[in-house]
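Per-entry structural report
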Amino acid sequence: QVQLAESGGGLVQPGGSLRLSCAASGSFFSIGAMRWYRQAPGKQREFVAVIASGGPTNYGDSVKGRFTISRDNAKNTVYLQMNSLKPEDTAVYYCNVAASNTSGWYNYWGQGTQVTVSS
């Protein structure tokens, strides 16, 4: 099984920055795409960013130019650097990782980490 440990959330003022981390552990052959989603109270879960195993990235429109996704394959970890934060970025942020084992490929979710942007 694969476990995802998220960290880095917290309270920050508008215009500030925060860096989220998500580290995968457990039993797996390979890790594929790694993604970030977020969910604000009363809203649907929203796509934030994705990074493919080879490095290409894509972002949701609301975070383009402000957030950067990256990965460290040696550490099985994905990061989300969040700059120029706005109150509307307030949400629980979840990482999602594709990993393979002897049965095939599966998606795994982190436990979520709270990001609050407020003055």
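Coordinates for the structure precede this section.
Attention here is on the structure that accompanies the text.

Details of the packing of aromatic side chains
- Overall, the coordinates contain two aromatic pairs when judged by the stated rule.
- Taking 5.8 Å as the distance between ring centres and 75 degrees as the angle between the ring planes, the aromatic pair formed by Tyr 37 and Phe 47 counts as edge-to-face. Highlighted residues: Tyr 37 in strand E4 (residues 30–39) and Phe 47 in strand E5 (residues 46–51), separated in sequence by 10 residues.
- Judged by its relative accessible area of 28%, Phe 47 falls in the partly exposed class.
- Taken together, a centroid distance of 5.2 Å and an interplanar angle of 50 degrees make the contact between Tyr 37 and Trp 109 tilted. Here Tyr 37, found in strand E4, pairs with Trp 109, found in strand E10 (residues 104–109); they are 72 residues apart in sequence, far enough to count as distant.
- Connected via pairs of aromatic rings, a cluster forms that spans Tyr 37, Phe 47 and Trp 109.

Notes on the environment of Val 78
- Counting through the fold element by element, Val 78 comes out in strand E8 (residues 77–82).
- Discounting residues that sit within four places of it in the chain, Val 78 has contacts with Leu 20, Ser 21, Cys 22, Met 34, Trp 36, Ile 51, Ile 69, Ser 70, Arg 71 and Cys 95.

Examining the pattern of salt bridges
- Taken as a whole and judged by the stated rule, the model has four salt bridges.
- Put simply, Arg 38 and Glu 46 hold a salt bridge, and the shortest N to O gap is 2.8 Å.
- Its relative accessible area of 6% is what places Arg 38 among the buried residues.
- Residue classification places Glu 46 among the partly exposed positions, given a relative accessible area of 30%.
- Across the pair Arg 66 and Asp 89 runs a salt bridge whose closest N-O atoms are separated by 2.7 Å. One end of the pair, Arg 66, is in the loop between strand E6 (57–59) and strand E7 (67–72); the other, Asp 89, is in the loop between E8 and strand E9 (91–101), with 23 residues separating them in the sequence. Both residues of the pair, Arg 66 and Asp 89, belong to the buried class.

Observations regarding the state of the cysteines
- Throughout the structure, instances matching the rule amount to one disulfide.
- Covalent S-S linkage joins Cys 22 and Cys 95, the inter-sulfur distance amounting to 1.9 Å. Its S-S torsion of about 50 degrees marks the bond between Cys 22 and Cys 95 as right-handed, since a negative value means left-handed. With Cys 22 in strand E3 (residues 18–26) and Cys 95 in strand E9, this residue pair connects regions lying 73 residues apart in the sequence.

Quick look at the sheet that holds E7
- What the four strands build is an open sheet, ordered E1-E3-E8-E7; its pairing is antiparallel. If you trace the sheet from one side to the other, it starts and ends with strand E1 (2–7) and E7, each paired once. Each strand of the sheet is rotated relative to its neighbour by a mean of 15 degrees, with strand direction disregarded.

What about the side chain of Arg 71?
- By the element assignment, Arg 71 lies in strand E7.
- One buried charge, Arg 71, has no salt-bridge partner; the nearest side chain with opposite charge is Asp 72, at 8.3 Å.
- Within the structure, Arg 71 has its side chain in polar contact with the backbone oxygen of Gly 32 (distance 2.8 Å).
- A polar atom in the side chain of Arg 71 sits 3.2 Å from the backbone oxygen of Ala 52.

Definitions and cut-offs
Residues numbered from 1 in each chain as written. Predicted model: local features only at pLDDT ≥ 70, side-chain atom pairs only at ≥ 80, totals over all residues. Heavy atoms only, no water. Phe/Tyr/Trp six-rings, centres within 6.5 Å; stacked < 30°, edge-to-face > 60°. Helix = DSSP H or I, 4+ residues; strand = E, 2+ residues; numbered from the N terminus. Buried < 20%, exposed > 50% of the residue type's maximum accessible area, 1.4 Å probe, protein only. Contact = heavy atoms within 4.5 Å. Salt bridge = Lys/Arg side-chain N within 4 Å of Asp/Glu carboxyl O. Disulfide = S-S within 2.5 Å. Pairing = 2+ DSSP bridges. Axes fitted to C-alpha atoms, helices over the stretch in contact; angles between N-to-C directions. Lys, Arg positive; Asp, Glu negative; His and termini not counted. Polar contact = N/O pair within 3.5 Å; in protein donor to acceptor, adjacent residues only side chain to side chain.

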